[in-house]
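Secondary and tertiary structure notes
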Number of protein chains: 2
Amino acid sequence: MAKRNTKQRNAIRSAFIEAGRPLTSGEIHELVLSELPSVGIATIYRALKDLVQEEWLTSMTIGGSTRYELANLGHHHHFHCNQCDKTFDIKGCVGDLTSLVPNAFKILKHELTLIGMCQACNGEMAS
Amino acid sequence: MAKRNTKQRNAIRSAFIEAGRPLTSGEIHELVLSELPSVGIATIYRALKDLVQEEWLTSMTIGGSTRYELANLGHHHHFHCNQCDKTFDIKGCVGDLTSLVPNAFKILKHELTLIGMCQACNGEMAS
DNA sequence: ATCGGTGCAAAGGGTTTGCAGGGTA
DNA sequence: TACCCTGCAAACCCTTTGCACCGAT
């Protein structure tokens, strides 16, 4: 099961590195299409699955869509814009959460998503 | 568009009130099936859509599945058990989050999900 | 030359919709 | 009696899989 460096998978990896934010399968497909006009969506999905499996990517559901991003970003959370439907990373984190549930509940991790309007969409509103 | 009180929709409403936690469409279907053995899944989905629209329910995606719960529970968050795949409500909340994003981002709301093992599953582990 | 990856098309799972019949108001 | 709601089946969307060909190693 040695991995091969095809131009499709290289394009997918580049897209994630350049994007700097979580991407949906559709967004990735479009980004790769602009470079390789005949990539099929199945290729995208197969690559995404492999990349998640080898822990180069992680996946999450935000705003009703599955989104993928680099796995090596460390602990962080997300901001989702209702206007443009894009998701962004945010660095801060909330404090201790163990008091929120009874002791018999074991907390392994937590996910925090802020929802609102991003900088770009907010700027358009003002103008 | 006057709503009618059919036995199907009454059973759906009862299921949510008795459950006391978010339910997936499949869980609701099973609960209603035990009372009305011939309800179709389309009836469930149509009722869920109407109930969300009239703001009697809200929907969210947790643990990879769309889940529905009563809309009148006030601000709260969720705990998701990786073992049994059930989602529970928790009452506490985190503090001020405005400092997490630049001022140009407008925060309308936030969602926090704790992930781990619930009381019941944790108990089974110990025994 | 191998055999993993690709593209296409078909199959899957969850959700929605069209339609004729049934039941509430 | 009206007409909203229901059950069934087909349609849809997103994602996965089968298959023959392509191409990285």
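Heads up: the structure comes first, above all this text.
Presented here is a report on the structure given in the accompanying data block. (Residues numbered from 1 in each chain as written. Chains lettered and ligands numbered in written order. Predicted model: local features only at pLDDT ≥ 70, side-chain atom pairs only at ≥ 80, totals over all residues. Heavy atoms only, no water.)

As for the overall build of chain A
Definition in use: Numbering of helices and strands runs from the N terminus; a helix is a DSSP stretch of H or I covering at least four residues, while a strand is a stretch of E covering at least two. Three exposure classes are used, based on accessible area relative to the maximum for each residue type with a 1.4 Å probe and protein chains only: buried under 20%, partly exposed in between, and exposed over 50%. The protein chains shown are the only cover counted for residues, whose accessible areas, like all others here, come from Shrake-Rupley with a 1.4 Å probe. Positive charges come from Lys and Arg, negative ones from Asp and Glu, while His and the chain ends are left out of the count. Just so you know, the charge point we use is NZ for Lys, CZ for Arg, CG for Asp and CD for Glu.
Counting its secondary structure elements, chain A contains four helices and six strands. Along chain A, from the amino end to the carboxyl end, the secondary structure elements read α-β-α-α-β-β-β-β-β-α. Along the first, second and third principal axes, the C-alpha atoms of chain A reach 50 × 50 × 20 Å. Across the 127 residues that make up chain A, the buried fraction comes to 40%. For chain A, the exposed area adds up to about 7400 Å²; of that, 50% sits on carbon and sulfur atoms. For chain A, the distance from the average site of its 13 positive side-chain charges to the average site of its 13 negative ones is 7 Å.

Details of the packing of aromatic side chains
This is how it is decided: Only rings of Phe, Tyr and Trp enter the pairing, Trp through its six-membered ring, and a pair is recorded when the two centres are within 6.5 Å. The plane angle decides the type: under 30 degrees is stacked, over 60 is edge-to-face, the rest tilted.
The full count for this structure, using the stated rule, is four aromatic pairs over all chains. Three or more aromatic residues joined by ring pairs make a cluster, and in this case those are Phe79 and Phe88 of chain A together with Phe105 of chain B.

Examining the interface of chain A and chain B
What counts, and what does not: Here, residues are in contact when the closest pair of their heavy atoms is within 4.5 Å. Throughout, the accessible surface (probe 1.4 Å) given up by two parts as they are put together, summed over both, is called the buried area. Note on definitions: salt bridges are taken to be side-chain nitrogens of Lys or Arg within 4 Å of carboxyl oxygens of Asp or Glu.
The interface is formed by 29 residues belonging to chain A together with 29 residues belonging to chain B. Of the roughly 2600 Å² buried at the junction of chain A and chain B (both faces included), carbon and sulfur atoms supply 69%. Contact with chain B buries surface across chain A, with Leu100, Phe105 and Ile115 of chain A losing the most and accounting together for 23% of the total. On the surface where chain A and chain B come into contact, there are zero salt bridges.

Examining the protein's contact with DNA strand C
Rules: Proximity is defined per residue: if any heavy atom of the residue lies within 4 Å of a molecule or strand, that residue is considered near it. The term polar contact refers here to a pair of N or O atoms within 3.5 Å; inside protein, the definition further demands a hydrogen-donor-capable atom paired with an acceptor-capable atom, and it admits residues adjacent in sequence only when both atoms are side-chain atoms.
Taken together, 20 residues surround DNA strand C, and among them Thr6 and Thr43 of chain A together with Arg4, Ser25 and Tyr45 of chain B come closest. For DNA strand C, the backbone portion of the atoms within 4 Å of the protein, that is sugar and phosphate, comes to 63%. Measuring from a phosphate oxygen of DNA strand C, one finds a backbone N or O atom of Ser38 of chain A at 3.4 Å. In this structure, a phosphate oxygen belonging to DNA strand C sits 3.2 Å away from a main-chain N or O atom of Asn5 of chain B. Every element with two or more residues in the surface near DNA strand C is listed here: helix 1 (7-19) and helix 3 (41-53) of chain A together with helix 3 (41-53) of chain B. The greatest single-element share of the surface near DNA strand C, amounting to four residues, is contributed by helix 3 of chain B.

By themselves, these observations are geometric and do not establish any function.
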